[in-house]
Amino acid sequence: MTNPAPVLELNDVRYRRPGRASFGLDVPKLSLTQGETVLLLGESGSGKSTLLSLICGTIVAQSGAVCVAGTDISSMSSGTRDRFRAEQIGLIFQQFNLLPFASVRDNILLPLRFAPDRAKRVASPLEDVERLCRDLGLPSDVIGARAGLLSVGQQQRVAAARALIGTPPLIVADEPTSSLDAATQTAFLDVLFTQSRAHATTVLMVSHDARLAEQFDRVIQMSDIVKTTRGAA
Amino acid sequence: MILRLALGSLVARALTVAMTILAIALSVMLFLGVEKVRTGAKASFADTISGTDLIVGARTGSVQLLLYSVFRIGNATNNMTWESYQDIAASDAVDWIVPISLGDSHRQFRVMGTTGAFFERYKYRSGQSLTVRDGALMNDLFDATIGADVAETLGYSVDDPIVVAHGLASFSEHEDQPFRISGILEKTGTPVDRTVIVSLEAIEAIHVDWRSGAQIPGQATSPDVIRQMDLQPQAITAALVGATGRLQVFGLQRSINEYAEEPLLAILPGVALQELWQIVGIAETALIAVSGMVIVTALIGMMATIFSSLNERRREMAIFRAMGARPRVIFAMLVLEAAVMAAIGALLGLVLLYVGLFIAQPLIDSAFGLWVPIDPLSLREVWVLIGVVVAGAIVSMVPAIRAYRMSLADGMMVRI
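The structure displayed is predicted, hence computed values, not measured ones.

Quick word on the overall build of chain A
Broken down by element type, chain A carries 8 helices and 10 strands. The C-alpha atoms of chain A give 17 Å as radius of gyration, which agrees with the globular expectation for 233 residues (17 Å, within 12%). Taken over the C-alpha atoms alone, chain A extends approximately 55 × 40 × 35 Å along its principal axes. Of all intrachain contacts in chain A linking residues separated by at least 6 positions in sequence, the fraction that spans at least 24 positions is 76%. Looking at chain A as shown, the accessible area adds up to about 9600 Å², and 51% of this sits on carbon and sulfur atoms. Once the 24 positive and 23 negative side-chain charges of chain A are each reduced to a mean point, those two points are 7 Å apart.

As structure tokens, this is what we get:
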């Protein structure tokens, strides 16, 4: 099932934050293969957010290559990178993932609006929304409801559905379970992995919680792959 | 879907958005209302006299002739003789002619001597005739028909006696010749409301015992004697003339202006009204400027609300960015949002305006004699509405540029 071609590969990435308050981050090597579920463990301040921003292409490294699905995003124009992100990466945040005033349906469909290729893979968007909600254990009557009315656990599942729709090759999750209680955490990861494995989607999740480790294929310590520098550069 | 989300975001902030829209609506209503009142005032002004082809008087300026003959403002420096009047009346091109004699007053109101034809021929507001509200038109030598404002201000009713003064100041009243009010006219919104109308002969009768503006001492002719006298006037102030046809008007005007016996002036009321309006019109420009400012204020208010909403919406923008929206989508959404608010505000203002007009039209008419027409939108007003929406979109670009910068800097990692 696993394909040897890496879905995500970082090589000799060197990033320095612009401005005098210099914060730097170096990633010599990080590689994720298709269908893998990887937990990236690190304390806060270990550069997790910066690393995720680099992978998603909202910031660009000064040198090195960030390849997503075989394409180096560092050389793209910012507009192309935004489109590329929408096409290739499903994102789940810690909390406040959704537009509270929009319906659950619109929230799930939102990335397709900016990713025509990903939208093409979805033959029938509304049916897909229903299927994903069903698979993620969301009652079908929430689909038309305003996202802001849902419980935090339900909102995270809606965010997962949004990341999964159109089957992007990579899902990046930034502590998606930290706002959930332990039982819900395990359930959330279960349904997420069931879906990602069904479509051979790679999942990269960042967390500080080592208890989640056993549910993942592979666990990487931030400190093993990332070198951060602070203070005067 | 983006439009739906933008609308959803607006609905989520319903209260502030509603206030902003209300401000825009009120400013648009004010601007268009001023526009309506202005055109209404202009039309009312132009409608002060209609159906009259020419106004004839002694030679003077055309605006001045209009002012004293129609608006009863200022005085005639010269009269025209009764012979000239008869010469003009005898012309083939003249269909009808109504003489007017001014110069006397009652309290602060002007007294006008004329013939019964005046009530037939004087038209206002595109062809409306004078109508009697109370009593009847004058038909006796000492009868007076008064305008609505005269009756209201002085508290007169039919059959009350009325004393007419010579000249405009009241120090020499013609107390010896009391008149009787025969009728009160319906309000018209024209200077007729402020006029006491008597017969041409009555003007002569008032002056029987007077020479050079003073009463001849010891002489007091009784009304009964006066009734037996020949009261043919020697001179009148002006005359309203109707020509037999459109084509005859200009020929008639030229022949009167070139009348050899006496220096006369014939004016086209419409043209003179236009000239006069140009003088009055400076005020209307000021009005437009002020109400334009109000719209600008409302739009700046909207800009301020968008600015203050940016911080609470950072999360929303970050989600859009994370989902792959380019910063310029964020920019476009804010501009779209402002355009939608401005458009709703403009339409709401329009609705308020027409509702207000329907309610206020009869009130304004009876209070000020100003008829504000309820017309469909003029092209100019449509452009004003479009202008408001475009201006709204343009001012919103300032906060939109800020949002653009913010979303570039924040990316998708905002932690609030």
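Some points on the interface of chain A and chain B
Listed as interface residues are 28 residues of chain A and, on the opposing side, 24 residues of chain B. Summing both partners gives a buried area of about 2400 Å² for chain A against chain B, and 67% of it is carried by carbon and sulfur. Counting every contact that joins chain A to chain B gives 2 salt bridges. Put simply, aspartate 82 of chain A and arginine 321 of chain B hold a salt bridge, and the shortest N to O gap is 3.0 Å. For the interface between chain A and chain B, the tally reads 5 residue pairs in polar contact (both at pLDDT 80 or more). Counting residues per element, the ones that place at least two in the side of chain A that touches chain B are α1 (48-56), α2 (78-88) and α3 (104-114) of chain A. Looking at the side of chain A that touches chain B element by element, the count peaks at 6 residues for α3 of chain A. Of the residues assigned to the side of chain A that touches chain B, the class counts are 14 nonpolar, 7 polar and 7 charged.

Brief notes about helix α5 (residues 125-135) of chain A
Residues and elements named next belong to chain A. Those residues of α5 that sit buried are Asp128, Val129, Leu132 and Cys133. In an axial view of α5, the angular spread of the buried residues amounts to 130 degrees, which keeps them on one side of the axis. Across α5 from its buried face, at more than 90 degrees, point the exposed residues Glu127 and Arg134. Contacts made by the buried residues of α5 are with α3, α6 (152-164) and α7 (182-198). Once α5 ends, the next one or two residues include glycine 137, with phi positive near 75 degrees.

Here's the deal with the packing of helix α13 (residues 327-368) of chain B against helix α14 (residues 379-395) of chain B
Residues and elements named next belong to chain B. Between α13 and α14, the least distance of the axes is 8 Å, while the angle of their chain directions is 150 degrees. The angle between α13 and α14 places the two elements in the roughly antiparallel class. Handedness of the α13/α14 crossing: right-handed. On α14, the residues touching Val335, Ala338, Ala339, Ala342, Ala343, Ala346 and Leu350 of α13 are Leu385, Val388, Val389, Gly392 and Ala393.

Looking at the confidence of the model for chain B
Residues and elements named next belong to chain B. Taken over all residues, the pLDDT of chain B has a mean of 84, while the share at 70 or more is 92%. Least confident of the elements in chain B is strand β12 (residues 210-211), whose mean pLDDT is 61; most confident is strand β16 (residues 264-267), at 93. Contacts for the low-pLDDT stretch residues 168-172, under 50 throughout, to residues beyond four places or in other chains number 10 contacts.

Focus: the domain arrangement of chain B
All names here are of chain B. Domain parsing of chain B yields domain 1 (2-45 + 282-410) and domain 2 (54-267). Measuring from the centre of the C-alpha atoms in domain 1 to the corresponding centre in domain 2 gives 53 Å. Every contact between the two is made by 6 residues of domain 1 and, on the other side, 5 residues of domain 2. Summed over both partners, the interface of domain 1 with domain 2 comes to about 400 Å²; 57% of that surface belongs to carbon and sulfur atoms. The interface formed by domain 1 and domain 2 holds 0 salt bridges in total.

Here we look at the packing of aromatic side chains
Evaluation of the coordinates by the stated rule reveals 5 aromatic pairs over all chains. Look at phenylalanine 193 of chain A and phenylalanine 216 of chain A: their rings are 5.0 Å apart centre to centre, the planes differ by 80 degrees, and that puts the pair in the edge-to-face class. With phenylalanine 193 of chain A in helix α7 and phenylalanine 216 of chain A in the loop between β8 (202-207) and β9 (218-221), the pair connects residues that are 23 residues apart, well separated along the chain. For the ring pair phenylalanine 142 of chain B and phenylalanine 179 of chain B, a centre distance of 5.4 Å and an interplane angle of 75 degrees mean the geometry is edge-to-face. Note that phenylalanine 142 of chain B is positioned in the loop between β7 (132-135) and β8 (143-146) and phenylalanine 179 of chain B in strand β10 (residues 173-185), a separation of 37 residues in sequence. When its relative accessible area of 2% is taken as the criterion, phenylalanine 179 of chain B is described as buried. An aromatic cluster is present here, built from Phe118, Phe119 and Tyr122 of chain B joined pairwise through their rings. In this structure, arginine 113 of chain A is placed above the aromatic ring of phenylalanine 114 of chain A, and the distance from its NZ or CZ to the ring centre is 5.6 Å. Arginine 315 of chain B extends its terminal NZ or CZ atom over the ring of phenylalanine 93 of chain A, reaching a point 5.4 Å from the ring centre.

Side note on unusual backbone geometry
One non-glycine residue with positive phi stands out, namely glutamate 175 of chain A, at about 45 degrees. Mapped onto the elements of the fold, glutamate 175 of chain A is located in the loop between β7 (170-174) and α7. Taking relative accessible area as the criterion, glutamate 175 of chain A reaches 8% and is therefore assigned buried. Located in the positive-phi region is aspartate 159 of chain B, a residue other than glycine, with phi close to 80 degrees. Along the chain, aspartate 159 of chain B turns up in the loop between α6 (148-154) and β9 (161-166). Aspartate 159 of chain B gets classed as partly exposed once you look at its relative accessible area, which sits at 48%.

Observations concerning the sheet that holds strand β5 (residues 71-72) of chain A
Residues and elements named next belong to chain A. Ordered in space as β5-β4-β1-β2-β10, the 5 strands form an open sheet in which the pairing is antiparallel. Both outer strands of the open sheet, β5 and β10 (227-230), are each paired with one neighbouring strand and no more. Bridge count between strand β1 (residues 6-16) and strand β2 (residues 23-33): 9 bridges; the pairing is antiparallel. Within the sheet, the bridge partner assigned to valine 13 lies in β2 and is valine 27. Along the sheet, α1 contacts β1, β2 and β4 (63-68); its crossing angle with β1, the most-contacted strand, is approximately 120 degrees.

The rules we used
- Residues numbered from 1 in each chain as written.
- Chains lettered and ligands numbered in written order.
- Predicted model: local features only at pLDDT ≥ 70, side-chain atom pairs only at ≥ 80, totals over all residues.
- Heavy atoms only, no water.
- Helix = DSSP H or I, 4+ residues; strand = E, 2+ residues; numbered from the N terminus.
- Rg over C-alpha atoms; globule rule 2.2 N^0.38 Å.
- Contact = heavy atoms within 4.5 Å.
- Areas by Shrake-Rupley, 256 points an atom, 1.4 Å probe, with all protein chains shown as cover.
- Lys, Arg positive; Asp, Glu negative; His and termini not counted.
- Charge placed at Lys NZ, Arg CZ, Asp CG, Glu CD.
- Buried area = accessible area lost by both parts, 1.4 Å probe.
- Salt bridge = Lys/Arg side-chain N within 4 Å of Asp/Glu carboxyl O.
- Polar contact = N/O pair within 3.5 Å; in protein donor to acceptor, adjacent residues only side chain to side chain.
- Nonpolar A, V, L, I, M, F, W, Y, C, P; charged D, E, K, R; others polar.
- Buried < 20%, exposed > 50% of the residue type's maximum accessible area, 1.4 Å probe, protein only.
- Arc of directions from axis to C-beta.
- Axes fitted to C-alpha atoms, helices over the stretch in contact; angles between N-to-C directions.
- Parallel < 35°, antiparallel > 145°, perpendicular 65-115°, else oblique.
- Left-handed = near helix turned anticlockwise from the far one by under 90°.
- pLDDT = per-residue confidence, 0-100.
- Domains from an automatic or database assignment.
- Phe/Tyr/Trp six-rings, centres within 6.5 Å; stacked < 30°, edge-to-face > 60°.
- Lys NZ or Arg CZ within 6 Å of the ring centre and 35° of its normal.
- Pairing = 2+ DSSP bridges.

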